[in-house]
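What the coordinates show
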Amino acid sequence: MGVWLNKGDCVGDLKKIVLCFLIVYMAILVGTDQDFYSLLGVSKTASSREIRQAFKKLALKLHPDKNPNNPSAHGDFLKINRAYEVLKDEDLRKKYDKYGEKGLADNQQGGQYESWNYYRYDFGIYDDDPEIITLDRREFDAAVNSGELWFVNFYSPGCSHCHDLAPTWREFAKEVDGLLRIGAVNCGDDRMLCRMKGVNSYPSLLIFRPGMAAVKYHGDRSKEDLVSFAMQHVRSTVTELWTGNFVNAIETAFAAGIGWLITFCSKGGDCLTSQTRLRLSGMLDGLVNVGWMDCATQDNLCKSLDITTSTTAYFPPGATLNNKEQSGVLFLNSLDAKEIYLEVMNNLPDFELLSANTLEDRLAHHRWLLFFHFGKNQNSDDPELKKLRTLLKNEHIQVGRFDCLSAPDICSNLYVFQPCLAVFKGQGTREYEIHHGKKILYDILAFAKESVNSHVTTLGPQNFPSSDKEPWLVDFFAPWCPPCRALLPELRKASKHLYGQLKFGTLDCTVHEGLCNMYNIQAYPTTVVFNQSNIHEYEGHHSAEQILEFIEDLMNPSVVSLTPTTFNELVKQRKHDEVWMVDFYSPWCHPCQMLMPEWRRMARSLTGLINVGSVDCQQYHSFCAQENVQRYPEIRFFPQKSNKAYEYHSYNGWNRDAYSLRIWGLGFLPQASIDLTPQTFSEKVLEGKNHWVVDFYAPWCGPCQNFAPEFELLARRNIWGEQIDVRDAKEIAALIYKKLETLRNEEKRNKDEL
């Protein structure tokens, strides 16, 4: 925003001067009040990599170390650092997009930063290398399970050996580009991912091949040794052709729709090296067979093919083999594997073009990955995508294309208004899902494999479940929104677990703006469960596990949503033997949002022991003010009623996870387990007739302290009337040992993190 003033605008009496001054001052204030995207100079559609790149560029320019004479340098840098810390975090970014900085009021990220050298040398080491793909936690599984071969460098920004390897890793990536995927994982940003993959030293180089365990590289970190190791894992077969096998090998491949790339080695000219042939075989695996022929020993055969000097030729399926000029054979002059590979890929046939007349029938009998285009097939610009046909063969997914200009009504009914691709799941056009991810091979592969095995469908006005009797989960999203794209694979995972209980659909609000406005959708993604007349909005993390927990809680609620009326009836006027834990929250409050799934998890574990409720203080603001709620979230425990008029205990603990909150709540209940002495142990346990479960512990023992509430829960459920026979006791003992082992492992992980 800016204000334009002419020279004479501020000339005149004092009032005009003051007014001009105020206008200019307000313009400056407004101009500096930039949102986080503007501060970093990126759009709302920016990817994680683009955000890192933009921040690094600004950090190197605006860092206080480089601006010692600028008194505002520290404050300016804190602003961009704060913007980066929020936008790089998927959950924080969603809350910022939805509520602005108000939704981050209790989040203090961005208050500290590193030295200038850190941003110059340690930050985003591989972000500027097109051959190396930096994978975060969300992308990793989809990438390595796509069907392609991946070699991944797990590194830490502060590791000197990682920096020593970086130049070699870049050269290696260029050398094998097209042969396998080269990735990098920053373990400083994704510690949990690295720990899950067993990475405990840096750099760790692991190769991932579909269906096989990861293999760690232990050799010298030279480019040559890395290439040699990678080639051991590439499926690469080069066939030597001669008079005895030539015709049969060619005709067998042609019958399967596969061509041949053959190097002919004669005395004259240059012949491709055996290493180059092996690389080409790996790069063209499943698409084209690779062979070679020694024309010194197969002179007659080479002459019959009119080969007089060393050359390389591509024989597409159906090519004739005895007439060079009319055979359709493509002769290649290059000796470079990458150039030959690209030329062969460009000459492979395009995907099958489906017609409007047969589309419904074809989609009803097979699973399809279908490219939609308008006239020119834009997808043919990326020859890598031709690998889809081979890589999806085991999934029984056919790959085709459809020209929307040939039948605009069909595309319009499918809500396809621009080039895109979609998976059809064998139900005709009734069940399909449009792809909204990256238009690159590994991302499309992951989408296709996930989508055909999940139960998520694309929605529009015609099939929107507004009056459907069955429950639906609907994700309102925008394709340009990165948190939206990150949520989609998690929805697919969740849909597989809830098949037959809940239907899943996605609605693109950039296409169906009116429908989204009807449901007052103000931010993306907004995920809503429709159960006839009941509507529930999901506010948890973007993970399948927490979505499933949310649905489970809707089906079997563990938390009571309290109104002022029900709070008075159920909490204030509770029975003498009842206790309550209540969370006073506001939907825009980020810590409240973080607490919600933990609160529900805690409530499920306390069923039958403690009643758990929540009060929306945005909806019932006056009531919360009346109850003297001054912050969010405010967690209160209401004990058994006593002579006191109104009594509760506020939670002041640091941790708001389910485990910590449960321990706090159980601490207010009378002890159910019996403290045994040597004498009572002998009398009641050894000489008694009842079955006992006894916990031998030491007060100083950390795992013992962690296990105490679990043991107390067991004791409470037993005294509430559950009978334990010998068989049950054995099962309980097994569960106890299992729980103890889990607690020990959790304690070890916590120590590792510290």
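Residues numbered from 1 in each chain as written. Predicted model: local features only at pLDDT ≥ 70, side-chain atom pairs only at ≥ 80, totals over all residues. Heavy atoms only, no water.

This brings us to the overall build of the protein. Across its full length, the protein holds 28 helices and 25 strands. A buried classification covers 46% of the 754 residues belonging to the protein. When contacts within the protein are restricted to residue pairs at least 6 apart in sequence, those whose partners lie at least 24 apart make up 73%. Accessible surface for the protein amounts to roughly 39100 Å². Of this, 50% is attributable to carbon and sulfur atoms. (Helix = DSSP H or I, 4+ residues; strand = E, 2+ residues; numbered from the N terminus. Buried < 20%, exposed > 50% of the residue type's maximum accessible area, 1.4 Å probe, protein only. Contact = heavy atoms within 4.5 Å. Areas by Shrake-Rupley, 256 points an atom, 1.4 Å probe, with all protein chains shown as cover.)

Here we take up a negative patch on the surface. Residues Glu171, Asp220, Glu224 and Asp225 make up a contiguous surface patch of negative charge. Since its relative accessible area comes to 32%, aspartate 225 is described here as partly exposed. (Patch = residues over 30% accessible without salt bridge, like charges linked within 9 Å, V, L, I, M, F, W, Y side chains within 5 Å. Salt bridge = Lys/Arg side-chain N within 4 Å of Asp/Glu carboxyl O. Lys, Arg positive; Asp, Glu negative; His and termini not counted. Charge placed at Lys NZ, Arg CZ, Asp CG, Glu CD.)

Looking now at the packing of helix H5 (residues 90-99) against helix H19 (residues 482-497). With their axes 9 Å apart at the nearest point, H5 and H19 run at an angle of 130° to one another. When the axes of H5 and H19 are compared, the pair comes out oblique. Once H5 is placed against H19, the crossing between them reads as left-handed. Across from Glu90, Arg93 and Lys94 in H5, the residues of H19 making contact are Pro482, Pro483 and Ala486. Across the contact of H5 with H19, the residue classes break down as three nonpolar, no polar and three charged. (Axes fitted to C-alpha atoms, helices over the stretch in contact; angles between N-to-C directions. Parallel < 35°, antiparallel > 145°, perpendicular 65-115°, else oblique. Left-handed = near helix turned anticlockwise from the far one by under 90°. Nonpolar A, V, L, I, M, F, W, Y, C, P; charged D, E, K, R; others polar.)

Further remarks concern the sheet that holds strand E10 (residues 330-332). Strand order in the open sheet formed by five strands is E6-E8-E7-E9-E10, and the pairing between neighbours is mixed. Looking at which strands have only one partner, the edges of the open sheet turn out to be strand E6 (238-240) and E10. When strand polarity is set aside, the average angle formed by the axes of neighbouring strands in this sheet is 25°. Both E6 and strand E8 (residues 288-294) contribute to a ladder of three bridges, which runs parallel. Opposite threonine 239, over in E8, you have glycine 291 as the bridge partner. Most of the contacts of helix H11 (residues 246-255) go to strand E7 (residues 259-265), to which it runs at about 150°, and overall it touches E7, E8 and strand E9 (311-315). Across the sheet, helix H14 (residues 337-346) touches E7, E8, E9 and E10, and the angle it forms with E10 is around 165°. (Pairing = 2+ DSSP bridges.)

Moving on: the sheet that holds strand E24 (residues 634-638). Spatially, E21-E23-E22-E24-E25 is the arrangement adopted by the five strands of the open sheet, whose pairing is mixed. Two strands bound the open sheet, and with one partner strand each, they are strand E21 (560-561) and strand E25 (649-650). Two strands pair when backbone bridges link them, and strand E22 (residues 580-585) and E24 are joined in this way by five bridges, in the antiparallel orientation. Across the sheet, the residue bridging to methionine 581 is phenylalanine 637, located in E24. Strand contacts of helix H22 (residues 564-572): E21, E22, strand E23 (611-616) and E24, with the helix running at about 155° to E22, the strand carrying the most contacts.

Right, let's get into the confidence of the model for the protein. Low pLDDT means the predicted coordinates in that region are not meant to be read closely. Model confidence for the protein is summarised by a mean pLDDT of 83, while 87% of its residues fall at 70 or above. Looking over the protein, one finds the lowest element-wise mean pLDDT in helix H1 (residues 14-32), namely 38, and the highest in E22, namely 96. Scored below 50 in pLDDT, residues 1-33 makes eleven contacts in the model with residues more than four places away or belonging to other chains. Ignoring residues within four places in sequence, the model shows residues 750-754, a span with pLDDT below 50, making two contacts including any to other chains. (pLDDT = per-residue confidence, 0-100.)

A few words on the pattern of salt bridges. Considering all chains together, one arrives at 27 salt bridges under this definition. The salt bridge involving aspartate 129 is made with arginine 170; its shortest N-O contact spans 2.9 Å. Residue aspartate 129 is located in the loop between helix H6 (116-122) and strand E1 (132-134), and its partner arginine 170 is located in helix H8 (residues 160-175); the two are separated by 41 residues in the primary sequence. Accessibility expressed as a relative area gives 11% for aspartate 129, which makes it buried. The partly exposed category is assigned to arginine 170, whose relative accessible area is 26%.

Here helix H7 (residues 137-144) crosses helix H18 (residues 441-452) at 80°, and the two axes come no closer than 8 Å. The pairing of H7 with H18 is recorded here as roughly perpendicular in orientation. Between H7 and H18, the contacting residues are Glu139, Ala142 and Ala143 on the first element and Tyr442, Ala446 and Glu450 on the second.

With that out of the way, let us pick up the nonpolar core. If you look at the biggest cluster of nonpolar residues, it comprises 43 residues, and the most contacted ones within it are Phe151, Trp169, Phe172, Leu180, Ile182 and Leu261. Elements represented by at least two residues in this core include exactly strand E2 (150-155), H8, strand E3 (181-186), strand E4 (204-208), helix H10 (223-232), helix H12 (274-283), E8 and H14. The element contributing the most residues to this core is H8, with six residues. Setting aside anything within four residues of it in sequence, one finds tryptophan 169 in contact with Tyr126, Ile132, Phe151, Val152, Asn153, Ile182, Gly183, Leu205 and Leu226. Ranked by size, the runner-up nonpolar core spans 22 residues in total, among them Leu40, Leu58, Ala59 and Leu87. (Core = buried A, V, L, I, M, F, W, Y, C linked by side-chain atoms within 4.5 Å.)

What follows deals with helix H25 (residues 658-666). For H25, the tally of buried residues reaches seven of nine residues, placing the bulk of the element in the interior. The backbone nitrogen of tyrosine 659 has a side-chain oxygen 3.2 Å away, supplied by the residue at the start of H25, namely aspartate 657. (Polar contact = N/O pair within 3.5 Å; in protein donor to acceptor, adjacent residues only side chain to side chain.)

Attention now moves to the environment of histidine 536. On the secondary structure map, histidine 536 appears in strand E20 (residues 534-538). When the C-alpha atoms of histidine 536 and leucine 554 are compared, they prove to be 8.4 Å apart, with 18 residues separating the residues in sequence. With sequence-adjacent residues up to four places away left out, histidine 536 is seen in contact with Thr527, Val528, Val529, Phe550 and Leu554.

What follows concerns the packing of aromatic side chains. Under the counting rule described, the total for this entry stands at 38 aromatic pairs. Ring geometry for phenylalanine 476 versus tyrosine 519: centroids 6.1 Å apart, planes at 40°, classification tilted. Linking phenylalanine 476 in strand E17 (residues 472-477) with tyrosine 519 in the loop between helix H20 (513-518) and strand E19 (526-531), this pair joins segments that are 43 residues apart in sequence. For phenylalanine 476, a relative accessible area of 0% translates into the label buried. Of the residues examined, tyrosine 519 reaches a relative accessible area of 23% and is grouped as partly exposed. (Phe/Tyr/Trp six-rings, centres within 6.5 Å; stacked < 30°, edge-to-face > 60°.)

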